[in-house]
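Residue strings, one per chain:
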Amino acid sequence: MAPELPLLTMSGITKSFPGVRALDGVDLDVQAGEVHCLLGQNGAGKSTLIKVLAGAHQPDDGTIRWRGEPVTLRSPIAAMRLGIATIYQELDLVEGLSVAENVHLGHEPTAAGFVVRGKAARESTAALLGRLGHPEIDPARLVGDLSAAQQQIVSMARALSHDVRLIVMDEPSAALDPDEVDNLFRIVGDLTAAGVAVVYISHRLEEIRRIGDRVTVLKDGRAVAGGLPAKTTPTREVVALMTGRNVEYVFPDRPPQPSGTPPGEPILQVRGLAREGEFEPLDLSVHPGEIVGLAGLVGSGRSEILETVYGARKPTAGQVLVDGRPLKPGSVRAAVRAGLGLAPEERKAQALLMLESVTRNVSVSSMSRFSRGGWIDRGAELGAARAATRELSLRPDNPSVPVRTLSGGNQQKAVLARWLLRGCRVLLLDEPTRGVDVGARAELYAVVRRLADEGLAVLLVSSEVPEVLGLADRVLVLREGRVVHRAPARELDEHRVLDLVMEGSPVS
Amino acid sequence: MTQPVSPPRSGTDKVTPVSEPPAWRALATRADVRTLSLLGVLAVLVLIGGITKPDEFLDTRNLQLVLTQASVIGVVTVGMTFVITSGGIDLSVGAIVALASVWATTVATQEYGFAGILFTAVIVGVGCGLVNGLLIAYGGIVPFIATLAMFASARGLALQITDGKTQIVTVDGILDLGEREAYVLGVPPLVLVFAVVTLIGWALLNRTTFGRRTVAVGGNAEAARLAGIDVRRQRLYLYLLSGLCCGVAAFLLIVLSGSGQNTNGNLYELDAIAAAIIGGTLLSGGRGTITGSVLGVLIFTTITNIFALNNLQSDVQQIAKGAIIVAAVLVQRRTASTTT
């Protein structure tokens, strides 16, 4: 690393939103050619910081220097002109446009100033995709037809289509499978070798170890440590900086019962449930107090299974039974009435009413409990929402705030509080800690385990193998819509499960 | 956790009011600012009316007239507010008002007297709403298209019934309602109906599960569905409600004009949508305000009245309305962005 001027220096960056001081005097400096990792819990201010860097938010205070020169990033375009590209966690692609059109959106190659040269755009896009290790993506295809992982690649191609000096990647590995992650790291390596700086945000410490040069840790809107060596700083120290907690306590203890199926009748039984083209006939049962995990890669049918059990998708065969009674297939209402609750993968799109308060988000499934003849007793509603959110230590401790001001982990707690309040007996968790950092994860794991201990049956889906192994009692391993292995979690280890999910899968 | 969390008995779980974050307050303040600014606009209009035509505008009869005119479109707007809040749109309200008003004033219907007219107006409105609702909720047709089709068909049917002729009402009970003798403490009965509809609408939206479900469906239909709400049934109810409001409005119009015409309710859909939007209801759904909608209606009606008193033609009125819609939305955008 050259000891010259840093490529980017942000100092004293402050940004407030109603009720939240998102950033409180944050410093960050990034050298050309380095991978600078940003770590922090949800709500620590990472997203706000990169939005300031991308020109999407204007800081209330602080200065930004680019190669030593003070700059103002008035808009995303201004940031792009300097050579700052951002790949957001929630992809910002236009699904109705082709890959090439998305990559060149806003800077199309043109003839006579306005006629888009489609062929040139497709060729340069193909070249970019090749560089990114994905020559199989057709530049003429619609982005809406691509998988999430492929869309991520397109998003990256778009960033690289500019003359970029610094790329911000917000949890780029979240939607990727392990081999895709390897490819991502190769790309990051190529970029830094060419002198491009990468600001890398991830919750996965092992990734930061692998590719990071330096780490800046954010906590509560402040940079609690800046520029730590990424490879040599002890994990313990990093986690302590983020949370004040010790990493070994991440997973709660299992109840000391013998492994195998617990005695008694299961609450939830799934018999021969199938959806053509998505997953093959599946049998499983979950007992009260038990956490059953489904492990599998993206595309293994995990989420589809969960949504079909919940009635959000109609099965082509089989049935779901609660307490031995079959549920009406394809009916969410029947499932909810029988005591099922779903915390879906896409919280914002599938679970939350973003314009509404936490209270209303929590009470939405139990309104009949606070109402008489349709008339809502708002005092009782607020009290119940407060009790449910307190039970989960949701922050801030005020259910009247809009749910959109909450961090991801706390939004997830709001979803759990909804089902807690409803008195649900079977909890279906789809990627419960997606986008949730280490400290908040541990808290969520503890909550889930406690709910199970209190008699809830939990069906958990996760692409993170350690999560399934650490949290579940029994594990079903899925590959391409089929259960390939069942075992108690303590009889499995990460390598074994990874072998099972990868085995025989097509080489990509 | 097999037992639901029990709501604390009121008073026993008093929370120490240490730090209610201002985010909550910002939300409340924004609604207040909006209501206040609408009231301000209305006050300015009244001032303008009072200055330009002091004798005519502030005359009791004129104010009664303004309120009476506001009542018909106001009742329609209350229904429209619900539909828009749920993320939908109802383009057929004007046509439904026309159809209901002519169906309720045919010679055959008038033979059943007051009750026959009221009943028919309401039933036709609800019937049209039912068709809209079924097409949208269970037929999977987008609201814009379904209600556009209803708009065309209902207008056509209204023309067919009347053959383009005005149907004079001869039922005394109806005509009496429009007379000054029927006023309650100086308030025309039509205005009373409007006030009652507004109150019911406000309570329904803000205090009932029906209102919550409406907001949830408009804010995020998928989340509402996965939370266990019957989104389709809710949509059906919403268009039924809009149809019901049209039926009531048609009855008010019959009382007001003493007749039924197939040209009734012309452009009501635009007026109602505009009033709801300047009132602060989100066109994309998820947020609605009955108070705002009613203020929006009063603003529009007052403008029309002032323009008429000053002998300005309707073309000028239309231009002014357009300008006000844009101005109101721009002002709201600004207040929204400064408080967010």
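What counts, and at which threshold
Residues numbered from 1 in each chain as written. Chains lettered and ligands numbered in written order. Predicted model: local features only at pLDDT ≥ 70, side-chain atom pairs only at ≥ 80, totals over all residues. UniProt positions renumbered as here; feature names shortened; annotations may be inferred. Helix = DSSP H or I, 4+ residues; strand = E, 2+ residues; numbered from the N terminus. Rg over C-alpha atoms; globule rule 2.2 N^0.38 Å. Contact = placed C-beta atoms within 7 Å. Pairing = 2+ DSSP bridges. Axes fitted to C-alpha atoms, helices over the stretch in contact; angles between N-to-C directions. Core = buried A, V, L, I, M, F, W, Y, C linked by C-beta atoms within 7 Å. Buried ≥ 20, exposed ≤ 12 C-beta atoms within 10 Å, placed from the backbone. Domains from an automatic or database assignment.

- By the naming in an unreviewed UniProt entry, chain B is ABC transporter permease, taken from Streptomyces phyllanthi.
- In its Subcellular location (unreviewed entry) section, the UniProt record describing chain B reads: "Cell membrane".

- The name an unreviewed UniProt entry assigns to chain A is Sugar ABC transporter ATP-binding protein, from the organism Streptomyces phyllanthi.
- Quoted verbatim from the Subcellular location (unreviewed entry) field of UniProt, the annotation for chain A is "Cell membrane".

1. Concerning the overall build of chain A
- Helix and strand content of chain A: 17 helices and 24 strands.
- Over its C-alpha trace chain A gives a radius of gyration of 24 Å, about what one expects of a compact globule, namely 23 Å for 508 residues.
- Once local pairs closer than 6 in sequence are excluded, the contacts in chain A between residues at least 24 apart make up 68%.

2. Examining the sheet that holds strand 9 (residues 166-170) of chain A
Residue and element names in this part refer to chain A.
- One open sheet accounts for six strands, arranged 6-9-10-3-11-12; its pairing is mixed. Edge positions in the sheet fall to strand 6 (84-87) and strand 12 (222-229), since each has one partner strand and no second. For this sheet the average axis-to-axis angle between neighbouring strands, irrespective of direction, equals 15 degrees.
- Here helix 1 (residues 46-53) sits on the sheet in contact with strand 3 (35-40), strand 6, strand 9, strand 10 (197-201) and strand 11 (214-219), set at roughly 150 degrees to strand 9.
- Along the sheet, helix 6 (residues 178-193) contacts strand 3, strand 9 and strand 10; its crossing angle with strand 10, the most-contacted strand, is approximately 145 degrees.

3. Some thoughts on the nonpolar core
- Ranked by size, the top nonpolar core spans 94 residues in total, and within it Leu340, Val426, Leu428, Val448, Val458, Leu459 and Leu460 of chain A carry the most contacts.
- For this core, the domains that each give at least three residues are domain 2 (267-339 + 425-507) and domain 3 (353-423) of chain A.
- The next biggest cluster of nonpolar side chains, apart from the first, holds 86 residues, and it includes Val78, Val124, Val297 and Ala328 of chain B.

4. Concerning the pairing of strand 21 (residues 426-430) of chain A
All names here are of chain A.
- The buried fraction of strand 21 is high, at five of five residues.
- Bridging between strand 18 (residues 340-343) and strand 21 involves four bridges; their strand directions are parallel. Paired with Ala343 across the two strands is Leu429, which belongs to strand 21.

5. Comments concerning helix 10 (residues 209-219) of chain B
- With 10 of its 11 residues buried, helix 10 of chain B lies for the most part within the structure.
- When helix 10 of chain B is considered as a whole, its buried residues turn out to be Phe210, Gly211, Arg212, Arg213, Thr214, Val215, Ala216, Val217, Gly218 and Gly219 of chain B.
- At its buried positions, helix 10 of chain B is contacted by helix 12 (358-363) and strand 20 (375-376) of chain A together with helix 3 (60-85), helix 9 (189-207), helix 11 (221-226) and helix 12 (231-257) of chain B.

6. Remarks on unusual backbone geometry
- At the junction of Arg395 of chain A and Pro396 of chain A, the peptide bond is cis and its omega measures out at -5 degrees in the coordinates.
- In this structure, Pro396 of chain A sits in the loop between helix 13 (378-391) and helix 14 (408-422).
- Here Leu267 of chain B, not a glycine, exhibits a phi torsion of approximately 65 degrees, which is positive.
- One can find Leu267 of chain B in the loop between strand 2 (259-260) and helix 13 (268-279).

7. Notes on the sheet that holds strand 13 (residues 268-275) of chain A
Residue and element names in this part refer to chain A.
- Read from one edge of the open sheet, four strands run 14-13-16-17, paired in antiparallel fashion. Taken across any chain shown, the strands that pair with only one partner, and hence form the sheet edges, are strand 14 (279-286) and strand 17 (325-326).
- Here two bridges tie strand 16 (residues 317-322) to strand 17, and the two strands are oriented antiparallel to one another. Bridge assignment links Leu321 to a residue of strand 17, and that residue is Pro326.
- Against the sheet, helix 9 (residues 302-309) engages strand 13, strand 14 and strand 16, with an angle of about 120 degrees to strand 13.

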